[in-house]
Amino acid sequence: MDSDIKDKLLFPHKDASVSLTREEVKTAYEYCKAYISFLNNAKTEREAVSAAVALAEKEGFIHWKKGMEIKSGDKIYFSRRGKAVVFCTIGGKKFTQGISIVASHIDSPRLDLKMQPVYEDSGIAFFDTHYYGIIKPYQWTGIPLALHGFFILKDGQELNLKIGEEPGDPRFFIADLLPHLGEEQMKKSAKDAVPAESLDILAGLNSAPGESGAGAVKLNILRLLYEKYGITEKDFVSAEICAVPAFPASDIGLDRSMVGGYGQDDKVCAYSALTAFLSVSEPEYTSCLVLADKEETGSFGISGMKSAFFLRFINELLEAAGEAANEREVFSNSFCVSADVNTCWYPLYKEVLDEHGDARLNRGVILFRYWGQGGKENTNDADAQTTATLIKILDEDQVLWQTGEGGKVDSGASGTLSRFFTNLDIPSIDLGVPLLSMHSPLEAAAKADIYMAYRAFTAFFKRR
Ligand code: MN
Ligand code: MN
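Residues numbered from 1 in each chain as written. Chains lettered and ligands numbered in written order. Predicted model: local features only at pLDDT ≥ 70, side-chain atom pairs only at ≥ 80, totals over all residues. Heavy atoms only, no water.

I keep staring at the overall build of the chain and nothing clicks. Help me out?
A count of helices and strands for the chain gives 13 helices and 18 strands. What you see for the chain is a C-alpha radius of gyration of 23 Å, in line with the 23 Å of a compact globule of 464 residues. Based on the C-alpha atoms only, the size of the chain along its principal axes is roughly 80 × 60 × 45 Å. Every one of the 464 residues in the chain was classed for burial, and the buried ones make up 52%. For the chain, the proportion of contacts with a sequence separation of at least 24, taken over those separated by at least 6, is 76%. Taken as a whole, the chain presents about 21,700 Å² of accessible surface, with 52% of it coming from carbon and sulfur. Side-chain charges in the chain split into 50 positive and 65 negative, and the spacing between the mean points of these groups amounts to 2 Å. (Helix = DSSP H or I, 4+ residues; strand = E, 2+ residues; numbered from the N terminus. Rg over C-alpha atoms; globule rule 2.2 N^0.38 Å. Buried < 20%, exposed > 50% of the residue type's maximum accessible area, 1.4 Å probe, protein only. Contact = heavy atoms within 4.5 Å. Areas by Shrake-Rupley, 256 points an atom, 1.4 Å probe, with all protein chains shown as cover. Lys, Arg positive; Asp, Glu negative; His and termini not counted. Charge placed at Lys NZ, Arg CZ, Asp CG, Glu CD.)

What follows is the structure, given as structure tokens:
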């Protein structure tokens, strides 16, 4: 077979390190420097909304208020309680001709503190936790943790708290059992070796001044929090406070080919989609970027995609545009790219991965139509027309892309936001970055793939 026929017939699997020009590699690496700093400033969904809004406001985006007027070229955003956000650039076409949407999530697995988290046992103070999203509990012991929180004090004052991120800050950790006494623990399944109820954070040892006996150490923790932040035990009831890995994101590998850090599911897609969205200032179709919360717990809650906030926002825009239509007429002509990570082939986990079907690191952004178990259950399974539309857009802009299966058939399943957009009658498909060690405290993605995600979302907003 000569190479012509190979080029013509075979799927063009291309390795970024071979097919990207030196200039493109340099651009990708530069791009990831800004991404790393975004990751370090966006460990929780609230921080991600703030960081995204700050970038958008620099480009002239303003906070949407119902009743405002809109015209082509306007740049607005709608924040859902500071935990989810929709950015929108009004395009040249009417709403009823459809809108372009990229949707990603900005919440990541972590350890939430319970409503009354501070307790004392054997002279040791702890923060009691309830994990958020799917985690392997054993991965969260023996690593430095930081506390990130949002409190509403008695007088209504809002307080953002972050302990453990600045040099010189104290950090926290969850103690594991020493291996010398761990023989029985090591015989248990990985799921049971560290029970979720044991994921309590070591908070301190000292008694409050002048106090002794039971409760004195807990009292000291509450005293320190009160003196520094004005928080009482009751304020934890309404707080959103969690523990996240305290280490910063960084380059990974001697060749610096990857980015390692916490929360890349799904901030890697959120950031690449955001920067792409902001780079297209005059889209033909009205463009929306949705950064949703609660994806890791099933998309429930008022900042999750099962809530009606997106619908409401679109209806308010329709009214402002003076188009006498309902959202259904907009949605059937719209297109949504659900931007989320997928797994990738890794030779050390062969037993559950699909050697031929799974995505590869360094081969670009992943297009995936489904990710189900038990016969594609609970998955979008994007139709041929939707898939072909996206492929055309990617190819026209020479985006390096590949397909992904998400592991062997029935070896496990996951889900993305695309299902909730198809529920609205919006053709939707998934596109995202291959991610190693997903949901662990340190996830890694290839810089070339991250950059290709940016290129892909840019192509979508430009060409759709
Ligand atoms: Mn995800
Ligand atoms: Mn996830």
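Can you walk me through the sheet that holds strand S12 (residues 258–261) in this structure?
Judged by pairing direction, the sheet is antiparallel, and its three strands sit side by side in the order S11-S12-S18 without closing on themselves. The open sheet has two edge strands, strand S11 (250–252) and strand S18 (443–446), and neither has a second partner. When strand polarity is set aside, the average angle formed by the axes of neighbouring strands in this sheet is 35°. As defined by bridge partners, S11 adjoins S12 across three bridges and the pair is classed as antiparallel. Considered in S12, the bridge of serine 250 is made with glycine 260. Together, S12 and S18 form the strand contacts of helix H8 (residues 264–279), whose direction differs from that of S18 by roughly 35°. The strands touched by helix H13 (residues 447–463) are S11, S12 and S18; relative to S18, the strand with the most contacts, the crossing angle is about 70°. (Pairing = 2+ DSSP bridges. Axes fitted to C-alpha atoms, helices over the stretch in contact; angles between N-to-C directions.)

How should I be thinking about the coordination of the manganese ion (ligand 2) in this particular structure?
Between any two of four tetrahedral donors, the ideal angle at the metal is 109.5 degrees; between two of six octahedral donors, it is 90 or 180 degrees. Looking at the manganese ion (ligand 2), the protein donor atoms are Asp265 (OD), Glu296 (OE), Glu296 (OE) and His439 (NE2), and they sit 2.1 to 2.6 Å from it. All donors of the manganese ion (ligand 2) belong to a single chain; written as a sequence motif, their spacing is D-x30-E-x142-H. The manganese ion (ligand 1) is placed at 3.4 Å from the manganese ion (ligand 2), the two being bridged by aspartate 265. Taken together, the residues span a long stretch of sequence, with glutamate 296 in the loop between strand S13 (286–292) and helix H9 (309–321) and histidine 439 in the loop between strand S17 (428–432) and S18 at a distance of 143 residues. Judged by relative accessible area, which is 12%, glutamate 296 ranks as buried. Residue class for histidine 439 comes out buried when judged on its relative accessible area of 14%. (Donors = N, O, S within 2.8 Å, 3.2 Å for Na, K, Ca; no water.)

Honestly, the sheet that holds strand S16 (residues 401–403) in this entry has me stumped. Any pointers?
By definition, the strands of a sheet pair up through backbone hydrogen bonds, in either a parallel or an antiparallel sense. Across the sheet, which stays open at both edges, the nine strands sit in the order S1-S2-S3-S13-S4-S14-S17-S15-S16 with mixed pairing between neighbours. Single-partner strands in this sheet number two, and they are strand S1 (62–63) and S16.

Got a minute to help me understand the pairing of strand S7 (residues 145–152) in this structure?
Most of S7 sits inside the fold, with seven of its eight residues counted as buried. In this sheet, strand S8 (residues 158–163) lies alongside S7 in antiparallel orientation, the contact comprising six bridges. Within S8, the residue paired with leucine 147 across the bridge is isoleucine 163. Connecting S7 to the next strand, S8, in antiparallel fashion are five residues, including glycine 156 with a positive phi near 90°.

Even after reading the chapter, I still don't get unusual backbone geometry, so can you show me in this structure?
Excluding glycine, residues mostly carry a negative phi; peptide bonds, for their part, are mostly trans. Residues aspartate 265 and aspartate 266 are joined by a peptide bond in cis, for which omega reads 15°. Here aspartate 266 shows up in helix H8. Despite not being glycine, lysine 376 has its phi angle at roughly 55°, a positive value. Mapping lysine 376 onto the fold places it in the loop between strand S15 (365–368) and helix H11 (384–396). A relative accessible area of 37% places lysine 376 in the partly exposed class. We note that asparagine 378 has phi near 60°; this positive angle belongs to a residue other than glycine. Asparagine 378 gets classed as exposed once you look at its relative accessible area, which sits at 56%.

Please clarify how the packing of aromatic side chains should be interpreted in this entry.
The description of two aromatic rings rests on the distance between their centres and on the angle between their planes. Taken as a whole and assessed by the stated rule, the structure comprises 24 aromatic pairs. Ring centres of phenylalanine 11 and tryptophan 401 lie 5.3 Å apart, and the angle between their planes is 90°; on these two criteria the pair is classed as edge-to-face. Highlighted residues: phenylalanine 11 in the loop between helix H1 (3–9) and helix H2 (16–19) and tryptophan 401 in strand S16, separated in sequence by 390 residues. An angle of 20° between the planes, with centres 5.2 Å apart, marks the rings of phenylalanine 78 and phenylalanine 313 as stacked. Here phenylalanine 78 is found in strand S2 (residues 75–80), whereas its partner phenylalanine 313 is found in helix H9, with 235 residues between them in sequence. Taken together, the ring pairs in this structure connect Phe61, Tyr77, Phe87, Phe277, Phe335, Phe460 and Phe461 into an aromatic cluster. Cation over ring: arginine 46 sits above phenylalanine 150, and NZ or CZ is 3.8 Å from the ring centre. Note that lysine 376 overlies the ring of tyrosine 370, its terminal NZ or CZ placed 4.0 Å from the centroid. (Phe/Tyr/Trp six-rings, centres within 6.5 Å; stacked < 30°, edge-to-face > 60°. Lys NZ or Arg CZ within 6 Å of the ring centre and 35° of its normal.)

Sorry, what's going on with the packing of helix H3 (residues 22–40) against H8 here?
Two measures define how a pair of helices packs: the angle their axes make with one another and the distance between the axes. As a packed pair, H3 and H8 sit with axes 11 Å apart at the nearest point and diverge in direction by 125°. Of the possible angle classes, the one that applies to H3 and H8 is oblique. Note on packing geometry: the crossing formed by H3 with H8 is right-handed. Across from Tyr31, Ala34, Tyr35, Phe38 and Leu39 in H3, the residues of H8 making contact are Gln264, Lys267, Val268, Tyr271, Ser272, Leu274 and Thr275. (Parallel < 35°, antiparallel > 145°, perpendicular 65-115°, else oblique. Left-handed = near helix turned anticlockwise from the far one by under 90°.)

Looking at this structure, I do not really get the pattern of salt bridges. What am I missing?
For side chains of opposite charge, pairing can occur when their charged atoms come near one another. A full pass over the atoms with the stated rule returns 26 salt bridges. The partner of glutamate 233 in a salt bridge is lysine 218, and the shortest N-O contact between them spans 2.7 Å. Remark: lysine 218 occurs in helix H7 (residues 216–229) and glutamate 233 occurs in the loop between H7 and strand S10 (240–245); sequence separation between them is 15 residues. Counted as one network, the salt bridges with shared partners bring together Glu45, Arg46, Lys83, Arg110, Asp112, Glu240, Asp293 and Lys294. (Salt bridge = Lys/Arg side-chain N within 4 Å of Asp/Glu carboxyl O.)

Everything listed is a geometric property; what it means functionally is a separate question.
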